[in-house]
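These are the residues of each chain, in order.
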Amino acid sequence: MAMRQTPLTCSGHTRPVVDLAFSGITPYGYFLISACKGEGQHGSDGKPMLRQGDTGDWIGTFLGHKGAVWGATLNKDATKAATAAADFTAKVWDAVSGDELMTLAHKHIVKSVDFTQDSNYLLTGGQDKLLRIYDLNKPEAEPKEISGHTSGIKKALWCSEDKQILSADDKTVRLWDHATMTEVKSLNFNMSVSSMEYIPEGEILVITYGRSIAFHSAVSLDPIKSFEAPATINSASLHPEKEFLVAGGEDFKLYKYDYNSGEELESYKGHFGPIHCVRFSPDGELYASGSEDGTLRLWQTVVGKTYGLWKCVLPEEDSGELAKPKIGFPETTEEEL
């Protein structure tokens, strides 16, 4: 029986949501951080928010940046957060208390932040084309710098157990060796790279550009496969079990594909504005999307499962109603899309 996809809408941001990231699974569940642009009419500041990952319930807001926050991430056990901002800084936060732990000054807008698995180092990238590696145990020390990008860096990620780094600027993706700080290989694209996701299990790199969603080996950068979407895609995410792929972009829709066959399984209007970021949860049970419309939405991977705030209520046999997940929750509002 067909079940209707009923998203949970997390309000709170008033400006476009431009980045989001999940933690790993911790003894307290998993967590979600989101970054928003800020810089409204009155120069409002981007306020990254922390939420319970499976319900979207708001936990806290990290206050301290001026202007847009372009990137946000959590470490594996959700004890630390890091943010990248237009105020020429990256900040590291205590994700439990919300306290700012350090401000790392940069020479230009910072777009991307990523922790090593042990949370000891932070990788940053931004408009000044340099990759920086900060030792978080020695925050006053100068960071190591890696140059080679020819335009502003959009995303920079640790890979291969932190032995290598993947980074994307406008039209290139580069693989670097951490120990020697040198470029190993690069990929060139004929149009702007809009997003990049790294999947450690199987070392897969997901890259979006134009309407394409491309999968490459994170080790060799060799192509694995690619899909074409009906619209320009801003972000895509691969399911942890590699069964599904979700993507979103300029036509406000979310697309779900079978990763093996490439078949489009679902598409629905996901937001009231372009979708900027989409990510699967660490358990693969849901995915989150962030949009120009200022909202974050959570979607079930398998519609109709009882999970988080979704309770599957099957209809009375003789009423002939369609089965529909019933949701009851205080924090979030259900909107008809």
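I will try to describe carefully the structure that is included in this document. (Residues numbered from 1 in each chain as written. Predicted model: local features only at pLDDT ≥ 70, side-chain atom pairs only at ≥ 80, totals over all residues. Heavy atoms only, no water.)

On to the pattern of salt bridges, then. Taken as a whole and assessed by the stated rule, the structure comprises 12 salt bridges. Of the charged contacts in the structure, one is a salt bridge between Glu161 and Lys163, with a shortest N-O distance of 3.6 Å. Here Glu161 and Lys163 have matching classes, each one exposed. Here Arg279 makes a salt bridge to Glu197, at a shortest N to O gap of 3.6 Å. You can see Arg279 sitting in strand β26 (residues 275-280) and its partner Glu197 sitting in strand β18 (residues 193-199), a full 82 residues away along the chain. The exposure classification of Arg279 matches that of Glu197, with both residues buried. Connected through salt bridges with shared partners, the residues Asp128, Arg132 and Glu145 form a single ionic network. (Salt bridge = Lys/Arg side-chain N within 4 Å of Asp/Glu carboxyl O. Buried < 20%, exposed > 50% of the residue type's maximum accessible area, 1.4 Å probe, protein only. Helix = DSSP H or I, 4+ residues; strand = E, 2+ residues; numbered from the N terminus.)

Of all six residues making up strand β11 (residues 121-126), five are buried, and the element is well covered by its neighbours. Both strand β10 (residues 110-115) and β11 contribute to a ladder of five bridges, which runs antiparallel. Each residue of the ladder has a partner; that of Val113, found in β11, is Thr124. Between β10 and β11, which pair antiparallel and follow one another directly, the connecting turn spans five residues, one of which, Ser119, has a positive phi of 65°. (Pairing = 2+ DSSP bridges.)

Let's shift gears to the nonpolar core. Counting 17 residues, the largest nonpolar core has Leu166, Val173, Phe189, Met196, Leu205 and Ile207 as the members making the most contacts within it. At the level of elements, β14 (155-159), β15 (164-168), β16 (172-177), β18 and β19 (204-209) are the ones that each hand at least two residues to this core. Non-local contacts of Met196, meaning those with residues more than four positions away in its chain, are made with Lys155, Leu157, Leu166, Ser167, Ala168, Val173, Leu205, Val206, Ile207 and Arg279. (Core = buried A, V, L, I, M, F, W, Y, C linked by side-chain atoms within 4.5 Å. Contact = heavy atoms within 4.5 Å.)

This paragraph deals with the sheet that holds strand β9 (residues 100-105). If you walk across this open sheet you meet the four strands as β6-β7-β8-β9, and the pairing is antiparallel. Looking at which strands have only one partner, the edges of the open sheet turn out to be β6 (69-74) and β9. When strand polarity is set aside, the average angle formed by the axes of neighbouring strands in this sheet is 15°. In the sheet, strand β8 (residues 89-94) pairs with β9 via five bridges, with the strands oriented antiparallel. Considered in β9, the bridge of Ala90 is made with Leu104. (Axes fitted to C-alpha atoms, helices over the stretch in contact; angles between N-to-C directions.)

Time to look at the packing of aromatic side chains. In this structure the tally under the stated criterion is nine aromatic pairs. Between Phe22 and Tyr30 the ring centres are 5.7 Å apart and the planes differ by 65°, which places this aromatic pair in the edge-to-face class. Here the two residues Phe22 and Tyr30 agree in accessibility, since each one is buried. Centroid distance Phe227 to Tyr257: 5.8 Å. Interplanar angle 45°. Geometry classified as tilted. Separated by 30 residues along the polypeptide, Phe227 in strand β21 (residues 223-228) and Tyr257 in strand β24 (residues 253-258) bring together distant segments of the chain. Taken together, Phe215, Phe227, Tyr255, Tyr257 and Tyr259 form an aromatic cluster joined through their ring pairs. Looking at Lys111, its charged tip hangs above the ring of Trp70, at a distance of 4.8 Å from the centre. A cation over an aromatic ring shows up here: Lys256 above the ring of Phe244, its NZ or CZ 4.5 Å from the ring centre. (Phe/Tyr/Trp six-rings, centres within 6.5 Å; stacked < 30°, edge-to-face > 60°. Lys NZ or Arg CZ within 6 Å of the ring centre and 35° of its normal.)

Moving on, we get to the sheet that holds β11. Strand order in this open sheet of four strands is β10-β11-β12-β13, and the pairing throughout is antiparallel. Here the strands that pair on one side only, and so sit at the sheet edges, are β10 and β13 (144-146). On average, each strand axis in the sheet is inclined to that of its neighbour by 20°, with strand direction left out of account.

In this structure, the largest pocket occupies an estimated 1,100 Å³ of space. Forming the walls of the largest pocket are 38 residues, and the residues nearest its centre are Phe22, Ser23, Asp114, Tyr198 and Pro200. For the lining of the largest pocket, the residue count by class is 19 nonpolar, 10 polar and nine charged. In this structure, the second largest pocket encloses a volume near 520 Å³. For the lining of the second largest pocket, the secondary structure elements donating two or more residues are β2 (17-22), β6, β10, β18, β22 (233-238) and β26. The biggest single contributor to the lining of the second largest pocket is β18, with four residues. Tallied by class, the residues present in the lining of the second largest pocket amount to seven nonpolar, eight polar and six charged. (1 Å grid on protein atoms, 1.4 Å probe; cavity = no way out; pocket = protein on both sides within 12 Å on 5 of 7 lines; lining within 4 Å. Points joined across faces, edges and corners; volume = space filled by probe spheres on them. Nonpolar A, V, L, I, M, F, W, Y, C, P; charged D, E, K, R; others polar.)

Okay, unusual backbone geometry next. Unlike most non-glycine residues, Met181 shows phi in positive territory, near 60°. Examined against the element boundaries, Met181 turns out to sit in the loop between β16 and β17 (182-188). Accessibility expressed as a relative area gives 22% for Met181, which makes it partly exposed. Although it is not a glycine, Leu221 adopts a positive phi angle of roughly 65°.

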